[in-house]
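Descriptive analysis of the structure
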Amino acid sequence: MDVEASIAAVWRIESARLIAGVGRIVRDVGTAEELAQDALVAALETWPTTGVPDNPGAWLMTTAKRKAIDRIRHVKRADEKHQQIARDLEPERPDLEAALDDDVGDDLLRLVFTACHPVLSPESRVALALRVLGGLTVPEIARAFVVPEPTMAQRLVRAKKARAGVPYEMPHGEELEARLSSVLEVIYLIFNEGYAATAGDDLMRPGLCSDALRLGRIVAGLMPEAAEVHGLVALMEIQASRQAARTTATGE
């Protein structure tokens, strides 16, 4: 596998964790996506010369977080009007350098709940979840929904605008329970679209099933006491085990 292919494979696996980890620092998912992309660009510029690191995910995370810290410091220096905003961030992050070593588990769960906020329409939740958590590109998501790329791009823009007012934080109490249902709904919708495609020539889209299973396993791992999450993952695992037997070699 060449370096660019290796980077693409790592990005698909690590992108959600990158966005989650950086999101805790900048407190905004959109900005976190930009910084994660900056880290990807740095990898594309560096790895062809130095080779792929032994732990590429950690390399990308460190690079993305350092870029986030640099951005915060630049804002502090560049614009006095932003000083109050920067000070407001300090109680959350008294030591910005220490953020490089923090565990991203809680951050990833926070990202899942932010991407699947009930303020978004169901179709927007699915599209954003595929984009942010599934690591799919706009063309890939457009193909999954069988819509033109410009249509999907506009849908994602509208969803991001709606998401702009959503705080990057974990809900609590009754809000957590209500949000969890939305998270599970999105994961199941993604899986269902892959297991029985609503449009197109193919009966199934296995890639979507894989994405849904990965998200379900993430949530189950981060919320081990949530029985409903494990129930959904078990259901998807059972259904996914039948994929190979659902069609013949000719697609019938």
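Before reading further, recall that the structure is shown in the block above.
Computed from a prediction, not measured in an experiment: that's the story for all the values here.

Rules of the game
Residues numbered from 1 in each chain as written. Predicted model: local features only at pLDDT ≥ 70, side-chain atom pairs only at ≥ 80, totals over all residues. Heavy atoms only, no water. Helix = DSSP H or I, 4+ residues; strand = E, 2+ residues; numbered from the N terminus. Expected span 1.5 Å × (residues − 1). Buried < 20%, exposed > 50% of the residue type's maximum accessible area, 1.4 Å probe, protein only. Phe/Tyr/Trp six-rings, centres within 6.5 Å; stacked < 30°, edge-to-face > 60°. Axes fitted to C-alpha atoms, helices over the stretch in contact; angles between N-to-C directions. Parallel < 35°, antiparallel > 145°, perpendicular 65-115°, else oblique. Contact = heavy atoms within 4.5 Å. Left-handed = near helix turned anticlockwise from the far one by under 90°. Nonpolar A, V, L, I, M, F, W, Y, C, P; charged D, E, K, R; others polar. Core = buried A, V, L, I, M, F, W, Y, C linked by side-chain atoms within 4.5 Å.

Take helix H10 (residues 206–222) next. In a regular helix each residue adds 1.5 Å, so 17 residues correspond to 24 Å; H10 covers 24 Å between its end C-alpha atoms and thus fits that length. Among all positions of H10, only Leu208, Cys209, Asp211, Ala212, Leu213, Leu215, Gly216, Ile218, Val219 and Ala220 are buried.

Take the packing of aromatic side chains next. Going through the model one piece at a time under the given rule, you end up with two aromatic pairs. Judged by centre distance (5.2 Å) and plane angle (70°), the rings of Trp47 and Trp59 are edge-to-face. Pair noted here: Trp47 is in helix H2 (residues 29–50) and Trp59 is in helix H3 (residues 56–78), with a separation of 12 residues, a long-range link. The buried category is assigned to Trp47, whose relative accessible area is 0%. Ring geometry for Phe191 against Tyr195: centres 5.8 Å apart, planes inclined by 15°, an arrangement best described as stacked. Residue Phe191 and its partner Tyr195 are located together in helix H9 (residues 173–195), separated by four residues, close to a single helical turn. A relative accessible area of 11% places Tyr195 in the buried class.

Further remarks concern the packing of helix H6 (residues 122–133) against H9. Packed helices, taken two at a time, are described by their axes: the angle between them and the distance between them. Relative to each other, H6 and H9 sit at 75°, their axes nearing to 9 Å. Comparing their axes, H9 and H6 come out roughly perpendicular. The segment H6 lies against H9, with Pro122, Arg125, Val126, Ala129 and Leu130 engaging Ser182, Glu185, Val186, Leu189 and Ile190.

Attention shifts here to the packing of H9 against H10. As a packed pair, H9 and H10 sit with axes 6 Å apart at the nearest point and diverge in direction by 155°. Viewed along their axes, H9 and H10 adopt a mutual orientation that is roughly antiparallel. Seen along the crossing, H9 lies across H10 with a hand that is left-handed. Listed contacts from H10 to Val183, Ile187, Ile190, Phe191, Glu193, Gly194 and Tyr195 of H9 are Pro206, Leu208, Cys209, Ala212, Leu213, Leu215, Gly216 and Val219. Each residue belonging to the contact of H9 with H10 can be placed in one class, and the counts come to 12 nonpolar, two polar and one charged.

Attention now moves to the nonpolar core. If you look at the biggest cluster of nonpolar residues, it comprises 71 residues, and the most contacted ones within it are Leu111, Leu133, Ile187, Ile190 and Phe191. In terms of residue count, the dominant contributor to this core is helix H1 (residues 3–26) (10 residues). Not counting residues within four places of it along the chain, the set of residues in contact with Leu111 comprises Ala16, Ile19, Ala20, Val29, Val132, Leu133 and Tyr168.

A separate point is unusual backbone geometry. Look at Arg27: it is not a glycine, yet its phi comes out positive at around 60°. Mapped onto the fold, Arg27 is located in the loop between H1 and H2. The phi angle at Val146 is positive, at roughly 55°, despite the residue not being glycine.

A few words now on H6. The periodicity of an α-helix, 3.6 residues per turn, causes residues three or four positions apart to be oriented the same way. Its 12 residues place the ends of H6 16 Å apart at the C-alpha level, agreeing with the 16 Å of an ideal helix rising 1.5 Å per residue. Most of H6 is tucked away: nine of the 12 residues are buried. Residues Ser124, Arg125, Val126, Ala127, Leu128, Ala129, Leu130, Val132 and Leu133 constitute the buried set of H6.

Any functional reading would require information that these geometric values do not contain.
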